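Letter by letter, the chains look like this.
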There are 2 protein chains.
Amino acid sequence: MTIKEVCEKFSLTQDTLRYYERVGVIPEVNRTKGGIRDYTDEDIAWVENAVCMRSAGVPVEMLIEYVRLFREGDETLKARRDLLVEARVEVQKNLDKYLTTMERLNYKISRYEEALKTGVLTWDVEDK
Amino acid sequence: MTIKEVCEKFSLTQDTLRYYERVGVIPEVNRTKGGIRDYTDEDIAWVENAVCMRSAGVPVEMLIEYVRLFREGDETLKARRDLLVEARVEVQKNLDKYLTTMERLNYKISRYEEALKTGVLTWDVEDK
DNA sequence: TATTGACTTGGAGTGAACTCCAGGTAGTAT
DNA sequence: ATACTACCTGGAGTTCACTCCAAGTCAATA
């Protein structure tokens, strides 16, 4: 699979894909004899993983560390598990914040809907 | 309330609070005769709102726009509602991504726990 | 009143994560 | 063989959201 196809598949730019490889967010991608990237299923699995993790705010640095450990083999199993658990803690924290914010937004919006119907906007002090 | 107290209350730095005010993420804060910030309950409500929204990734630019509209008065009710709805769409999108990532992390971690017990790590192609 | 420590401003600097660019090569169609 | 397009690299530039700094002011204490 060419870089063009992969970046379309995941809605990334080619620059981002090359950047991920360059810094080690994904391992080095398979190439043709000419040196052109030819993504294997495994390469694509790494990209998919990176995209998923990044979309939840897992830092690039953490993904690099995971790939680094992965390449060291089985003796890093525990270290990788610990890294994933650490990532999960962070993602869960953010998830909680997003839920809180959704509640606030829902409340605010309901107040605005009310105001747009009645012409009266009633606020508690804390609703800005 | 002094800037020190407010930034402790919300775990922000003084620089961040001043920055928020400067760029308009919150309206101008009440001051003493000497020019020192003295946050009223209303100022604090704005800070709380900003912190909540920012923690869910709502862009600074959007908060600035909201404050700008707010100060224009009742004729911007609809515009503010629309802005909040727009923010909610984005937050919900991210929320979904975070949930997806949590599932992936849970799955990966369970695989690692398994591997650490049995000594065997079994991957599908897509689990990296 | 002098010192001390917290506060003020405008503006420059930083870190993370891309994003863009110039100059060059690969591969395909004519 | 030539043109043309897609891809390559190293490195510089950009954006966002802070974060830091220098030089000055305020306010409480000795």
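Everything in this summary refers to the structure shown in the same document. (Residues numbered from 1 in each chain as written. Chains lettered and ligands numbered in written order. Predicted model: local features only at pLDDT ≥ 70, side-chain atom pairs only at ≥ 80, totals over all residues. Heavy atoms only, no water.)

1. What to know about the protein's contact with DNA strand D
Line of reasoning, step 1. Taken together, 20 residues lie around DNA strand D, and R31 and R37 of chain A together with D15, Y20 and R54 of chain B are the ones closest in.
Line of reasoning, step 2. Taken together, the sugar and phosphate atoms account for 73% of what DNA strand D places within 4 Å of the protein.
Line of reasoning, step 3. Contacts to DNA strand D include R22 of chain A, whose side-chain N or O atom sits 3.3 Å from a base nitrogen.
Line of reasoning, step 4. Note that a phosphate oxygen of DNA strand D is positioned 2.7 Å from one of the backbone N or O atoms of R37 of chain A. (Near = heavy atom within 4 Å. Polar contact = N/O pair within 3.5 Å; in protein donor to acceptor, adjacent residues only side chain to side chain.)

2. What to know about the packing of aromatic side chains
The way to describe two aromatic rings as a pair is by their centre distance and the angle between their planes.
Line of reasoning, step 1. Here the structure, examined in full by the defined rule, presents 11 aromatic pairs over all chains.
Line of reasoning, step 2. Ring centres 6.5 Å apart and planes at 80 degrees place the aromatic pair Y112 of chain A and Y66 of chain B in the edge-to-face group. You can see Y112 of chain A sitting in helix 5 (residues 77-118) and its partner Y66 of chain B sitting in helix 4 (residues 60-72), one on each of two chains. Accessibility classification places Y112 of chain A together with Y66 of chain B in one group, the buried group.
Line of reasoning, step 3. Ring centres of Y66 of chain B and F70 of chain B lie 6.3 Å apart, and the angle between their planes is 40 degrees; on these two criteria the pair is classed as tilted. With a gap of four residues between them, Y66 of chain B and F70 of chain B both fall in helix 4, about one helical turn apart.
Line of reasoning, step 4. A network of ring pairs unites the aromatic residues W46, Y66 and F70 of chain A together with Y112 of chain B as a single cluster. (Phe/Tyr/Trp six-rings, centres within 6.5 Å; stacked < 30°, edge-to-face > 60°. Helix = DSSP H or I, 4+ residues; strand = E, 2+ residues; numbered from the N terminus. Buried < 20%, exposed > 50% of the residue type's maximum accessible area, 1.4 Å probe, protein only.)

3. Examining the protein's contact with DNA strand C
Line of reasoning, step 1. Lining the immediate environment of DNA strand C, one finds 19 residues, of which D15, Y20 and R54 of chain A together with R31 and R37 of chain B sit closest.
Line of reasoning, step 2. Here DNA strand C approaches the protein such that, of its atoms within 4 Å, sugar and phosphate make up 74%.
Line of reasoning, step 3. Contact between DNA strand C and Y20 of chain A: a phosphate oxygen at 3.0 Å from a side-chain N or O atom of the residue.
Line of reasoning, step 4. In the model, a phosphate oxygen of DNA strand C is placed 2.6 Å from a nitrogen or oxygen of the R37 of chain B main chain.
Line of reasoning, step 5. Of all the secondary-structure elements, those providing two or more residues to the surface near DNA strand C are helix 2 (14-23) of chain A together with helix 1 (3-9) and helix 2 (14-23) of chain B.
Line of reasoning, step 6. Considering every element that reaches the surface near DNA strand C, the biggest residue donor is helix 2 of chain A, with four residues.
Line of reasoning, step 7. Here the residues of the surface near DNA strand C sort into seven nonpolar, five polar and seven charged. (Nonpolar A, V, L, I, M, F, W, Y, C, P; charged D, E, K, R; others polar.)

4. What about helix 4 of chain B?
Line of reasoning, step 1. With 13 residues, helix 4 of chain B should reach 18 Å at 1.5 Å per residue; the first-to-last C-alpha distance of 19 Å fits that figure.
Line of reasoning, step 2. Where the residues of helix 4 of chain B are buried, they touch helix 5 of chain A together with helix 2, helix 3 (41-55) and helix 5 (77-118) of chain B.
Line of reasoning, step 3. A positive phi of about 95 degrees marks G73 of chain B, the residue just after helix 4 of chain B. (Expected span 1.5 Å × (residues − 1). Contact = heavy atoms within 4.5 Å.)

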